[in-house]
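Summary of the model geometry
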Amino acid sequence: MNGFLFSSAMLPVAETLFAALQLPAYNTQVVLAGTFLLGVAAAVTGTFMLLRGQALAGDVVSHATLAGVVLAFMVAEMFQAGSGRSLAVLLTGAFLAGGAAIGLTTFILRTTRIRQDAAMAISLGVFYGLGISLLTVAEDFPTGNVAGLSHFLEGMTASLRLSDVQLIGSLSLLAIVLCGVLFKELRLLSFDRDFAATQGWPVGLLDLVLIGLIVLVAVVGLKAVGAVLVVALLIIPPAAARFWSDRLSRMILASAVIGGASAVCGTVISTMLPSLAAGAVIVLSGAVLFCLSLAFGTERGLVWQAVHHRRTTRRVDRQHLLRAVYEIIEQQPEPGEQGSRYGEGEKPDRPHPEPDIRHRPVNRAQLQNCRRWVPARLERSLKQSIREGMLEPVGADAWQLTEDGAVSAQRIVRNHRLWEMYLISQVDIPPSHVDRDADDVEHFLPPDVIESLSRQFAASSPGGQIPASPHLLPPAEQ
Amino acid sequence: MQELHWARGDTQVVVTAALAGMACALPGNWLVLRRQSMMGDALSHTSLLGVVGAFLLAYAARSAGWVGEAAFDGVLVLSMYAGAIAVGVLTAVLTEWIRSLGRVESSAALGVVYTSLFALGLLLVRLMANDTHLDLNCVLFGRLETIPLESIGQTLPRVAWIAGISLVINLVLVVLLFKELRLSAFDPALATTVGISARVMHYGLMTITAGTIIAVFESVGSILVIAMLITPAATASLLTRRLGVMIVLSLLLAVVAAFAGHFAALTLPSLVMRAIGGPEVESAGTAGMIAVAGGGLFLAAVLLAPGEGVLPRLWDRLQLRIRIETEDLLGWLYRREEAGRGIPLSASVSESWPDPAASPFERLLSRAGERRAISAGLVQRTGKELQLTDAGRKTAEELVRSHRLWESYMAAHFPLPEDHLHETAARVEHYLGPDLRDELSQELSLPDEDPHGRPIPGEGRIENRE
């Protein structure tokens, strides 16, 4: 056993490349086809398992298969020396052991109050321990060479023969076809098992089918990528697909693409560099694709989330800017009027005519004072508002509203004040605190809410007028 | 049977395994309680990357001349621990991150993280295999068996010392932090409000688990650690509901599993092979058999745990069935007496008891019920006839009273046809005590007859029966 790690000592790089180039293309293609199908099958079945919250069931199965493989080897060798190396025999043993491990997990869950995580850990540990013990026993067998059995942990993609690939490929295809045929049933099972049961679906049988599929894929993957790593094929692509879509059909598609792609990448890379175990490279390719999905996935990828967040923040900033302009103008005396509209500490209590807000420039100092902007942020909002045609510069450091800007500003201020009044009257927020509370929501009020609010506060804003601010506005320094 | 040679080396193996098992069981208890058992599995896999990464860095540091030859071994060991702990915490952090970003279950996030890190570890092992002395087989499978060879002339082998030190560290931490660990395991929300940071506890536990795994992986193998972490703790949790007792039990179970595992490894393979006529084999791997022995202990607990084991529960149900049979016999004999009052009964009891239509198992239960009734002095057997004793008649009266009161209650409160009352009453009569009977009777304003017009016997007043 000690030999298997060092047996394939690294060849010098030149020789390696040479060997890779000399590799018959046909053989590479065959292996590629096998791992590709395996990758897709694992990705598709894994998606259902992920949604059922049993992603780690594959972990239990794959560890348990070692016991099955060794046991099958021993039984076969006892009946007929030399027959223990047949892939079909070993996979049958692995299948039975994987099923037994899931059976043990289910038994523990049904009969005790041990919870799922511990039940899985126990049956994983017991079966894996059994497998390792049996492996040491099998070493003493007079017939047959046991050394290859431990390769099941790491996989031996490069040494796959055509017959192996045919078996792996056809079983993977079987799993894919079964998932396709039972798509509707498995979907129902994954999302609402109880509902499926009340609708009369044979959920127990479907559970069994899904478990059977997982065990099948895990077992098929043994020889190709190894027992410990096949679980990655079951989990990584579906988890990556979560970042691309919330719809099951698209998620399965994304998962299959990622699974197939990582299988192909891994196989090709390890063909070129035989010192890298194919199983590990396939899994790492999957991990890279996972990271890419996490970053760029359209559903909740980090980059899109950041872009969306930035867009929203800037839109909110611009709305605040327009409101600030409006409120500064509002507090200035109308042209021809003397003094401020409101006396010191006086609270406006009557609807007032809207100020003529166009052609009333405001300057940077006024804006800066109105909301304690970060200067750069104010600058950016100003620039964007000018580009959007909401503001226009007047002189060096002053701006006035355009026609569009005036309309927007009135709408924004109106929404803000309606929501403030709602908070004051319904949520009992004191007027002195309401300004910033309203800030959180006002930008996201849908039209029908605005409609109902303006009906509710019709007295304060007759004819769709902008209501007076229910609180003191920050004084705008001239 | 082959003669068992228990040598000093075997004692060393068992002591090492027991120390390792106990060291693992301590953090295992908390993993089980916090439902993070599979975290143990993940950490045992990713520790490979930590060890390999540490090896790589240490060898790189030596070849760069930063570390002298003299200090190299110490640096290697230290960096191994640091590496495994760092990767362990990294696993936990990444899992939490992916879980919240991808809105997947934490088990799925865990699966993504640990398989990727394990694959990376495997690749690195491959790449560095020529430069360093890291034996992948040792990391994955452990080498308990080779202990005697390595520790000739020592009382305790080196790996036993390491496992022992790890055990002491874990023990001290558990004793010192018992209150905090307990609170954050059972009520994380309360723990947070009284100032115990859930995050610190979580990552602290991960650190301890990773450290323990590294301390014992050399002897038991990194993946088998999962069996040593979880199985004793889960077994103990079946046997008690008190946390302190559970922890002590898990330590004991770890020791038992270590001994039983090694013993089974020595004896079981040749026994089984001889029994089925297989080829001659030597012992099995001890580390693996310890995991299997732990599983055996767990299975025994599942079957036998007092109160909640499968067999005790079956036994309780059987006892209940027999009690019900006894009571049914009493009720049946009472109704027979009631019906035959004044007129001699033509048919003998034995013709309709046990019910000839019942299945053989049910007839067996009926017989058991009968025996119990006789031995309790409730029923007398004369020849083939069964007859109530005075004590039996009193019990039977209570039963029939329960039955008929319940029928009356059902009839008064539910619009059920008369022929639907009997079934539920026949079931409920076995569970009604005197208090409930009085309450029912009060509620129905002391009825004399049930809905079928039969008299309801009084409460324990035999003399009033005539």
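Conventions and cut-offs
All chains use their own residue numbering, which begins from 1 and follows the written sequence. Lettering for chains starts from A, numbering for ligands starts from 1, and both go in the order in which the items are written. Only residues with pLDDT of at least 70 are given local features in this predicted model, and only at 80 or more are side-chain atom pairs given and counted; all residues enter the totals for whole chains, interfaces and linings. Helical segments are the DSSP runs of H or I of at least four residues, strand segments are the runs of E of at least two, and each set is numbered from the N terminus. Backbone-placed C-beta atoms define the burial measure: a residue is buried with 20 or more other C-beta atoms within 10 Å of its own, exposed with 12 or fewer, and partly exposed in between. In this description, a residue-residue contact is defined by the distance between C-beta atoms placed from the backbone, which must lie within 7 Å. Under the convention used throughout, the expected extent of a helix is 1.5 Å for every residue step, that is, one less than its residue count. Directions pointing from the helix axis toward each C-beta atom define the arc. Under the definition applied here, buried Ala, Val, Leu, Ile, Met, Phe, Trp, Tyr and Cys residues are grouped into a nonpolar core through C-beta atoms within 7 Å. Only strands joined by at least two bridges in the DSSP assignment are considered to pair. Convention adopted: a line fitted to C-alpha atoms gives each axis, helices being fitted over their contacting stretch, and angles between N-to-C directions are expressed from 0 to 180 degrees. Angle categories: roughly parallel below 35 degrees, roughly antiparallel above 145, roughly perpendicular from 65 to 115, and oblique for all the rest. Note on convention: near helix rotated counterclockwise from far helix by under a right angle means a left-handed crossing. Clockwise means right-handed. All amino acids are sorted into three groups, where Ala, Val, Leu, Ile, Met, Phe, Trp, Tyr, Cys and Pro are nonpolar, Asp, Glu, Lys and Arg are charged, and the leftover types, Gly among them, are polar. Each domain's extent was defined by an automatic or database domain assignment. Every residue gets a pLDDT, meaning the predictor's confidence in that residue, from 0 to 100.

1. Quick notes on the overall build of chain B
Each helix and strand in chain B was counted, giving 19 helices and two strands. Looking at chain B as a whole, 42% of its 466 residues are labelled buried. Of the contacts formed within chain B by residues at least 6 apart in sequence, a portion of 74% connects residues at least 24 apart.

2. Some thoughts on the overall build of chain A
Tallying secondary structure elements over chain A gives 20 helices and three strands in all. Looking at chain A as a whole, 45% of its 478 residues qualify as buried. Taking the contacts inside chain A whose residues are at least 6 apart along the sequence as the reference set, 74% of them involve residues at least 24 apart.

3. Digging into helix α16 (residues 360-375) of chain B
Residues and elements named next belong to chain B. An ideal rise of 1.5 Å per residue puts 22 Å on 16 residues; α16 measures up with 23 Å between its terminal C-alpha atoms. Buried within α16 are the following residues: S366, G369 and A373. The arc enclosing the buried residues of α16, seen along the axis, measures out at 60 degrees, which places them on a common side. More than 90 degrees from the buried face of α16, the exposed residues found are P360, F361 and S375. Each element contacted by the buried residues of α16 is listed here: α14 (310-339), β1 (379-382) and α17 (390-413).

4. Let's talk about the nonpolar core
General note: in soluble globular proteins, nonpolar side chains tend to be found buried as a group. Counting residues in each nonpolar core, the largest one holds 205 residues, and the members touching the most others are I214 of chain A together with I230 of chain B. For this core, the element with the most residues is helix α1 (residues 8-33) of chain B, which contributes 16 residues. Counting 23 residues, the second-largest nonpolar core is a separate cluster that includes L321, A324, L367 and L401 of chain A.

5. Here we look at the pairing of strand β2 (residues 391-394) of chain A
Residue and element names in this part refer to chain A. Pairing of β2 with strand β3 (residues 398-401) involves four bridges; the strand directions are antiparallel. In the sheet register, V394 faces β3, and the bridge partner there is A398. From the end of β2 to the start of β3, which pair antiparallel, there are three residues, and G395 there has a positive phi angle of about 70 degrees.

6. Concerning the packing of α1 of chain B against helix α10 (residues 198-220) of chain B
Residue and element names in this part refer to chain B. Interhelical geometry of α1 versus α10 gives an angle of 160 degrees and a closest axis separation of 10 Å. Taken together, α1 and α10 sit at an angle that is classed as roughly antiparallel. Classified by chirality, the crossing of α10 by α1 is left-handed. Here T16, A17, A20, A23, C24, P27, W30 and L31 of α1 lie close against α10, whose contacting residues are L205, I208, T209, T212, A215, V216, S219 and V220. Partitioned by chemical class, the residues of the contact of α1 with α10 number 12 nonpolar, four polar and no charged.

7. What to know about the pairing of strand β2 (residues 385-388) of chain B
Residues and elements named next belong to chain B. On β2, burial follows the alternation: L386 and L388 on one face are buried, whereas E385 and Q387 on the facing-out side are not. Relative to β2, β1 runs antiparallel, the two sharing four bridges. Its bridge partner lying in β2, V379 is registered against L388. What sits between the antiparallel neighbours β1 and β2 is a turn of two residues, in which G383 has the positive phi angle 65 degrees.

8. Let's talk about the interface of chain B and chain A
Counting residues at the interface gives 57 residues for chain B and 56 residues for chain A. Contributions of two or more residues to the side of chain B that touches chain A are made by α2 (37-63), α3 (69-102), α4 (106-128), α5 (136-141), α11 (225-239), α12 (243-276) and α13 (286-304) of chain B. Considering each element in turn, the side of chain B that touches chain A owes the most residues, 13 residues, to α4 of chain B. Residue composition of the side of chain B that touches chain A, grouped by class: 36 nonpolar, 15 polar and six charged.

9. Things to note about the domain arrangement of chain A
Once the domains are mapped, chain A shows domain 1 (19-294) and domain 2 (306-333 + 353-464). Computed from C-alpha coordinates alone, the two centres of domain 1 of chain A and domain 2 of chain A are separated by 58 Å.

10. Overview of the environment of A67 of chain A
All names here are of chain A. Considering the arrangement of structural elements, one finds A67 in helix α4 (residues 57-79). C-beta crowding within 10 Å serves as the criterion here: with 28 such atoms nearby, A67 is assigned to the buried category. Sequence separation between A67 and A121 is 54 residues, and the spatial gap between their C-alpha atoms is 16 Å. Residues in contact with A67, not counting those within four places in the same chain, are A97, F127, L130, G131 and L134.

11. Some details on the environment of L56 of chain B
All names here are of chain B. Relative to the elements of secondary structure, L56 occurs in helix α2. Since 19 C-beta atoms lie within 10 Å of it, L56 is described here as partly exposed. Note: C-alpha distance between L56 and M128 (72 residues apart in sequence) is 7.5 Å. Here L56 is in contact with L124 and M128, once residues within four sequence places are set aside.

12. A short note on the sheet that holds strand β1 (residues 362-363) of chain A
Residue and element names in this part refer to chain A. With antiparallel pairing, three strands are arranged side by side in an open sheet as β1-β3-β2. In this open sheet, the two strands that pair with only one neighbour each are β1 and β2. One ladder, built from two bridges, connects β1 with β3; its direction is antiparallel. Paired with N363 across the bridge in β3 is A398.

13. Points about unusual backbone geometry
Across residues other than glycine, the phi torsion is negative in most instances, and most of the peptide bonds are trans. Residue and element names in this part refer to chain B. Here the phi dihedral of R35 falls at roughly 60 degrees; this positive angle occurs in a residue that is not glycine. Relative to the elements of secondary structure, R35 occurs in the loop between α1 and α2. Unlike most non-glycine residues, S445 shows phi in positive territory, near 45 degrees. Along the chain, S445 turns up in the segment after α19 (434-443). The class of S445 is exposed, set by 7 C-beta atoms lying within 10 Å.

14. With respect to the domain arrangement of chain B
Parsing chain B into structural domains produces domain 1 (8-257) and domain 2 (313-340 + 348-464). Computed over C-alpha atoms, the centres of domain 1 of chain B and domain 2 of chain B are 61 Å apart.

15. Remarks on the packing of α2 of chain B against α10 of chain B
Residue and element names in this part refer to chain B. At their nearest, the axes of α2 and α10 sit 10 Å apart, and the two run at 55 degrees to each other. Between α2 and α10, the angle falls in the class oblique. Handedness of the α2/α10 crossing: right-handed. Contacts between α2 and α10 pair G40, L43, S44 and S47 from the former with M206, T209, A210, I213, I214 and F217 from the latter. Split by residue class, the contact of α2 with α10 holds six nonpolar, four polar and no charged.

16. A short note on the confidence of the model for chain B
All names here are of chain B. On average, chain B scores 84 in pLDDT, and the residues at 70 or more come to 89%. Mean pLDDT values over the elements of chain B span from 60, in α5, up to 93, in α11. Across residues 461-466, confidence stays below pLDDT 50; counting only partners more than four residues off in sequence or on other chains, it has five contacts.

17. Comments concerning the environment of G131 of chain A
All names here are of chain A. For G131, the position within the fold is in helix α6 (residues 116-138). Assessed through the 29 C-beta atoms surrounding it within 10 Å, G131 is described here as buried. The spacing of G131 and I252 is 121 residues in sequence and 34 Å in space, taken between C-alpha atoms.

18. Thoughts on the confidence of the model for chain A
Residues and elements named next belong to chain A. Predicted confidence across chain A gives a mean pLDDT of 81, with 84% of residues reaching 70 or more. Across residues 1-14, confidence stays below pLDDT 50; counting only partners more than four residues off in sequence or on other chains, it has 17 contacts. Below pLDDT 50 for its whole length, residues 337-351 participates in 16 contacts with residues either more than four positions away or in separate chains.

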